[in-house]
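The chain contents come next:
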Amino acid sequence: MADQLQRELALHGIAADVHGGYGLAVVSVWRDLLVWTDGDLFWWRAGWNNRRDRPVYAWHTATDPKRAARRIAARYMDLRTVLDRA
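Each value, and the rule that gives it
- Residues numbered from 1 in each chain as written.
- Predicted model: local features only at pLDDT ≥ 70, side-chain atom pairs only at ≥ 80, totals over all residues.
- Heavy atoms only, no water.
- Helix = DSSP H or I, 4+ residues; strand = E, 2+ residues; numbered from the N terminus.
- Contact = heavy atoms within 4.5 Å.
- Polar contact = N/O pair within 3.5 Å; in protein donor to acceptor, adjacent residues only side chain to side chain.
- Pairing = 2+ DSSP bridges.
- Axes fitted to C-alpha atoms, helices over the stretch in contact; angles between N-to-C directions.
- Buried < 20%, exposed > 50% of the residue type's maximum accessible area, 1.4 Å probe, protein only.
- Arc of directions from axis to C-beta.
- Core = buried A, V, L, I, M, F, W, Y, C linked by side-chain atoms within 4.5 Å.

1. Some words on the environment of Asn49
Along the polypeptide, Asn49 turns up in strand β4 (residues 41–49). Ignoring anything within four residues of it in the chain, the contact list for Asn49 reads Arg54 and Val56. For Asn49, the side chain forms a polar contact with the main-chain nitrogen of Arg52, separated by 2.9 Å.

2. Section: the sheet that holds β4
Pairing is antiparallel in the open sheet, where 5 strands are placed in the order β1-β2-β3-β4-β5. Two strands lie at the open edges of the sheet, namely β1 (17–21) and β5 (54–61), each paired on one side alone. Taking the axes of each pair of neighbouring strands and ignoring which way they run, one obtains an average angle of 25° across the sheet. Relative to β5, β4 is paired through 8 bridges, and the arrangement is antiparallel. Within the sheet, the bridge partner assigned to Trp44 lies in β5 and is Ala58.

3. Side note on helix α1 (residues 2–11)
Taken together, the buried positions of α1 are occupied by Ala2, Leu5, Glu8 and Leu9. An end-on view of α1 places all buried positions within 120° of arc, on one side of the element. Residues of α1 that are exposed and angled more than 90 degrees away from the buried face: Arg7 and Leu11. The inward-facing, buried residues of α1 contact β1, β2 (24–30), β3 (33–37), β4 and α2 (65–85).

4. Here's the deal with the side chain of His60
Relative to the helices and strands, His60 is located in strand β5. A distance of 3.1 Å separates a polar atom in the side chain of His60 from a polar atom in the side chain of Arg71. Once residues lying within four places of it in the same chain are set aside, the contact partners of His60 are Leu41, Phe42, Trp44, Arg67, Ala68 and Arg71.

5. Overview of the nonpolar core
Membership of the largest hydrophobic core comes to 20 residues, with the highest contact counts inside it found for Leu5, Leu9, Val27, Val29, Val35 and Ile72. Counting only elements with at least two residues in this core, the list comes to α1, β2, β3, β4 and α2. For this core, the leading source of residues is α2, giving 6 residues. Apart from residues lying up to four places away in sequence, Ile72 is in contact with Leu5, Leu9, Val29, Leu33, Val35 and Trp44.

What follows is the structure, given as structure tokens:
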């Protein structure tokens, strides 16, 4: 599933690396954007909850890597925009 996600991200012009082991795979998309998968779900950090002082995660079913890639591409663009402003 990680390889499929990597291919879908490439269609959005986003290069990513895939690493696996111990029943999980991680798709390294960009700084602060790692997508984990167990074959059933994709999940990634989508923000920060200041009130609880912890990250907020988004998830998507791994059976739909095309839609997951669109959501991850949107997060990628958000992160790039924040960096460009800095």
